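# Secondary and tertiary structure notes
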Amino acid sequence: MFRATSRLLDCRITFFTRSPCGLCDTAKAVVQNVNKTRPLQYQEINVMEPGQEKWKDVYEFDTPVIHIDKASATETTTSSLKLMHRFKEEEVTKLMDEAERS
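Residues numbered from 1 in each chain as written. Predicted model: local features only at pLDDT ≥ 70, side-chain atom pairs only at ≥ 80, totals over all residues. Heavy atoms only, no water.

### Re the pairing of strand β2 (residues 40–46)
Applicable threshold: Pairing between strands requires that DSSP locate at least two bridges from one strand to the other. What counts as a helix is a DSSP run of H or I of at least four residues, what counts as a strand is a run of E of at least two, and both are numbered from the N terminus. Place the viewer so that the strands point away; then a crossover is right-handed whenever the path from the first strand over the helix to the second strand goes clockwise.
As judged from the seven bridges shared by strand β1 (residues 11–17) and β2, these two strands associate in the parallel manner. Bridge pairing links Thr14 to Gln43 in β2. Traced from β1 through helix α1 (residues 22–37) to β2, the parallel crossover comes out right-handed.

### Some remarks on the state of the cysteines
For clarity, the cut-off: Any two cysteine sulfur atoms within 2.5 Å of one another count as a disulfide. Burial classification: accessible surface area is computed with a 1.4 Å probe over protein chains only, and a residue below 20% of its type maximum counts as buried, one above 50% as exposed, and the rest as partly exposed.
This model, assessed by the stated rule, comprises one disulfide. Sulfur-sulfur distance for the disulfide between Cys21 and Cys24 comes to 2.2 Å. With the S-S bond torsion at 75°, the cross-link from Cys21 to Cys24 turns out right-handed. For Cys24, a relative accessible area of 1% corresponds to the buried category.

### Here we look at α1
In plain terms, the rule: For a helix, the expected span equals 1.5 Å multiplied by the residue count minus one. Each C-beta atom gives one direction from the helix axis, and the arc is the one those directions make. Only heavy atoms matter for contacts: two residues are in contact if any of them lie within 4.5 Å across the pair.
In a regular helix each residue adds 1.5 Å, so 16 residues correspond to 22 Å; α1 covers 24 Å between its end C-alpha atoms and thus fits that length. Buried within α1 are the following residues: Cys24, Ala27, Lys28, Val30, Val31, Val34 and Asn35. The arc that holds the buried residues of α1, viewed along the axis, is 155°, so those residues lie on one side. Opposite its buried face, α1 presents the exposed residues Gly22, Asp25, Thr26, Lys36 and Thr37, each directed more than 90 degrees away. At its buried positions, α1 is contacted by β1, β2, β3 (65–70) and α3 (89–101).

### With respect to the side chain of Thr17
The residue Thr17 is located in strand β1 in this model. Those residues in contact with Thr17 that sit more than four places away from it in its chain are Cys24, Glu44, Ile45, Asn46, Val47 and Thr63.

### Observations concerning the confidence of the model for the protein chain
Rule in force here: Every residue gets a pLDDT, meaning the predictor's confidence in that residue, from 0 to 100.
Looking at the protein chain as a whole, its pLDDT mean stands at 90, while 91% of the residues score no less than 70. Confidence over residues 1–7 falls short of pLDDT 50; this stretch has 12 contacts with residues more than four positions distant or in other chains.

### Some points on α3
The first and last C-alpha atoms of α3 sit 19 Å apart over 13 residues, in line with the 18 Å expected at 1.5 Å per residue. Those residues of α3 lying buried are Val92, Leu95, Met96 and Ala99. Projected down its long axis, α3 shows its buried positions confined to an angular sector of 110°, all on one face. α3 presents Glu90, Lys94 and Arg101 as exposed residues on the side facing more than 90 degrees away from its buried surface. Elements that come into contact with the buried residues of α3 comprise β1, α1, β2, β3 and β4 (81–84).

The structure is reproduced here in structure tokens:
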């Protein structure tokens, strides 16, 4: 779904979802549109899947959520920059800019 270009990746986006989730489908489309103009590393986590109890405890009733970290970050954490529920492309790119500066 997402691919990196030859340009360096700007950020890593971790997308927290569950199924079914109409808001998640809409939010995923927003991230896909951002990816068309800004390369990013993408990871998707279904908080309801086995092994994701840590994230289920945090986001079970709050999906969709995205964490935005520098591409060089080794992992996402609850202190990562984040957007929840309904967000726009401009909000995603603004937080990507902020993550790059931090």
